[in-house]
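Here is what each chain is made of, one letter per residue.
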Amino acid sequence: MNDSYKIKADILTDALPYMQDFEGKIMVIQYSCNNYASPEQEKRIMQDISLLHFLGVHPVVVHSNKSGVDIFRENKRIAALLETNNLKAIGICGIDLQTIRILIDNQYIPVVIPNDIQTESENIFVEDTAREIAVKLKADKLIFMSKDKGLFDDNGQMLPIMSLATLIEYNKYHEQKGYLNLKVQNAIKAINGGVHRVHIIDGLMEHSILLELFSIEGIGTAILDSLDNLYKHEQQ
């Protein structure tokens, strides 16, 4: 057998336990790559999110606005990008939980912009909105996709997984700045609010969300309520 085929087969085999764990679960994806991703990169990202949908996951996309673009037009654009993958997606303005739940139940991907008509001119952080939705939907995961690659130790090595308690201790001595700090603070709030895992990943890395979710090593940082709650296949 050609080695490349074996590698691909091994990847699929390794992903199988995760596919079984994730079926039927809600994953809220905070998407902030639309300001700097190329059209081809965005196309791949939407394909990866669509694949999650076809594997039985319920993605909810919460996105930032693109600089210089009408926020509601941007919302429709991202929903339309997802629909090019032969699925149904609908844009939502603001946190409308009833509509989001109806869309999930009917196999749509909700695409949420934080602002609604009343708050159109306000600066609402998409990280806050994604966390609030994740907690209220009792989502299994909250995934931050942006330029932030994850959290690192003092030697510059990626920290692939940590418990909430470890993150709080880590943050005492490694205070983050800007949007990464916002993600860390929302990760703490999300897990305290019942979200099982929070992931911080580099959205521009090719297939980053798939590599993070369907491999033990991952490519970013995963934060859990407790390391006692690892998946069974992660404990081996």
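Right above here is the structure, for reference.
The text that follows walks through the structure, step by step, so that each part is easy to find. (Residues numbered from 1 in each chain as written. Predicted model: local features only at pLDDT ≥ 70, side-chain atom pairs only at ≥ 80, totals over all residues. Heavy atoms only, no water.)

## A few points about the overall build of the protein
Okay, step 1: Counting its secondary structure elements, the protein contains eight helices and eight strands.
Okay, step 2: What you see for the protein is a C-alpha radius of gyration of 17 Å, in line with the 18 Å of a compact globule of 236 residues.
Okay, step 3: For the protein, the exposed surface amounts to about 11900 Å²; the carbon and sulfur share of it is 51%.
Okay, step 4: One way to put it: in the protein the 23 positive side-chain charges average out to a point 3 Å from where the 32 negative ones average out. (Helix = DSSP H or I, 4+ residues; strand = E, 2+ residues; numbered from the N terminus. Rg over C-alpha atoms; globule rule 2.2 N^0.38 Å. Areas by Shrake-Rupley, 256 points an atom, 1.4 Å probe, with all protein chains shown as cover. Lys, Arg positive; Asp, Glu negative; His and termini not counted. Charge placed at Lys NZ, Arg CZ, Asp CG, Glu CD.)

## Some remarks on the sheet that holds strand β3 (residues 88-93)
Okay, step 1: Read from one edge to the other, the open sheet built from eight strands follows the order β3-β4-β2-β1-β5-β7-β8-β6, with strand pairing classed as mixed. Across the chains shown, the open sheet's two edge strands, defined by having one partner strand only, are β3 and β6 (161-163). Looking at each pair of strands side by side, their axes are set apart by 20° on average, direction ignored.
Okay, step 2: The pairing of strand β1 (residues 26-31) with strand β5 (residues 141-146) spans five bridges and is parallel. Residue pairing for β5: Ile29 is matched across the bridge by Ile143.
Okay, step 3: Of the strands in this sheet, β1, β2 (58-63), β4 (108-113) and β5 touch helix α2 (residues 39-54), which is tilted by about 170° from β1.
Okay, step 4: Each of β6 and β8 (221-224) touches helix α6 (residues 164-173); the most contacted strand, β6, lies at about 95° to it. (Pairing = 2+ DSSP bridges. Axes fitted to C-alpha atoms, helices over the stretch in contact; angles between N-to-C directions. Contact = heavy atoms within 4.5 Å.)

## Concerning helix α5 (residues 126-136)
Okay, step 1: Along α5, the positions that sit buried rather than exposed are Val126, Glu127, Thr129, Ala130, Arg131, Ile133 and Ala134.
Okay, step 2: Summarising the contacts, the buried residues of α5 are in contact with β1, β2, α4 (97-105), β4, β5 and α7 (178-192).
Okay, step 3: Positive backbone phi, approximately 55°, marks Lys138, located one or two places after α5. (Buried < 20%, exposed > 50% of the residue type's maximum accessible area, 1.4 Å probe, protein only.)

## Quick word on the packing of α2 against helix α3 (residues 71-83)
Okay, step 1: Their axes nearest at 9 Å, the elements α2 and α3 cross at an angle of 65°. Of the possible angle classes, the one that applies to α2 and α3 is roughly perpendicular. Judged by the twist between their axes, the crossing of α2 over α3 is right-handed. Counting all contacts with α2, which are made through Glu42, Met46, Ile49 and Ser50, the residues of α3 involved are Arg77, Ile78, Leu81 and Leu82. (Parallel < 35°, antiparallel > 145°, perpendicular 65-115°, else oblique. Left-handed = near helix turned anticlockwise from the far one by under 90°.)

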